[in-house]
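Structural description and commentary
If you want the building blocks of each chain, they are given just below.
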Amino acid sequence: MKKKIIGVAANQHYQNNQDFFDQQFTYSPQGFINGVHQAGGVPILLPISDPELASDYIATIDKLLLAGGQDVTPFLYGEEPHPKLGPTSIDRDSFEMALIKEAIKQNKPIFTVCRGTQLLNVTLGGTLYQDLSQYADWKVKHDMFPTVPDFGLHSITVKGDSALAPLFGERAQVNSYHHQAIKDLAESLVPIAWSTDGIIEAVESRERNTKIIGVQWHPELTRQNNPQEQALFDFFVQDFE
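Right, let's walk through the structure included here. Just so it is clear, the structure is predicted and the values come from calculations on it, not from any experiment.

**Re the pairing of strand β13 (residues 212-215)**
Of the two faces of β13, the one carrying I212 and G214 and the one carrying I213 and V215 are both buried. Two strands pair when backbone bridges link them, and strand β6 (residues 110-113) and β13 are joined in this way by four bridges, in the parallel orientation. Within β13, the position partnered with T112 by the bridge is G214. Pairing analysis gives three bridges linking strand β12 (residues 200-205) to β13, with the strands arranged antiparallel. Considered in β13, the bridge of E204 is made with I213.

**Overview of the packing of aromatic side chains**
Counting across every chain of the model gives eight aromatic pairs. On the numbers, 5.3 Å between centres and 45 degrees between planes, the contact of F235 with F240 is tilted. Grouped by ring-pair contacts, the aromatic residues F32, F111, F233, F235, F236 and F240 constitute a single cluster. Of note, K63 hangs over the ring of F236, and the distance from its end group to the ring centre comes to 5.5 Å.

**Notes on the nonpolar core**
Core analysis: the largest hydrophobic core is formed by 32 residues, its most contacted members being L65, F111 and L164. If one sorts the elements of this core by residue count, helix α7 (residues 227-239) sits on top with five residues. Not counting residues within four places of it along the chain, the set of residues in contact with L65 comprises I6, G7, V8, A9, F32, V36, F111, F233 and F236. Within the second largest apolar cluster, 27 residues are counted, among which are A54, I61, L64 and I100.

Scoring rules and cut-offs
Residues numbered from 1 in each chain as written. Predicted model: local features only at pLDDT ≥ 70, side-chain atom pairs only at ≥ 80, totals over all residues. Heavy atoms only, no water. Buried < 20%, exposed > 50% of the residue type's maximum accessible area, 1.4 Å probe, protein only. Helix = DSSP H or I, 4+ residues; strand = E, 2+ residues; numbered from the N terminus. Pairing = 2+ DSSP bridges. Phe/Tyr/Trp six-rings, centres within 6.5 Å; stacked < 30°, edge-to-face > 60°. Lys NZ or Arg CZ within 6 Å of the ring centre and 35° of its normal. Core = buried A, V, L, I, M, F, W, Y, C linked by side-chain atoms within 4.5 Å. Contact = heavy atoms within 4.5 Å.

Structure, rendered in structure tokens:
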């Protein structure tokens, strides 16, 4: 059986790179690479590029994976930057938005993690809390720092008829490493998991023929300690069609 080619949208590091003579370099957290490998897929990094190249990149892969990273640029959903907004990259935002649109157009399944899920929501017309301090019902710790994110931090409730339910059951513990969150959900997405304070923790496509699954936590960091998280990679690579 031919292995699935998983395009992993890469980030770019460009500050304080003394070991690289201050040159920019393209990278992805190793957990995504290992998770895809263990699931039987072949990960290919998609470097930040001209959005016009997105159709060519998507045409070369079977499925698209978007990872975590910088905050999403707020003017993309019509807001001025909040004082607690973190670092942003409009180049990364623009390229990954083009990848999402092309993956949907070319009918390629999409799996998004943390920032990737937030950007997915913005790309499809939703908005974000730029910082959880904007969320009136915030009661759960969603940023694990300074605790290492290798284990679950808070619980989630999972929608019973969702793609996540067979993997996680009705309740599960997940890690958490974010200060932004989905505010207004895009109309084409459906929430399928929530934290106890009501933050949307996972989404899937409302359209049956569009294969999208997004989570707010970081399964790439807990997959070695929690078989459920590796099962999520297995499901995406092998079964999500």
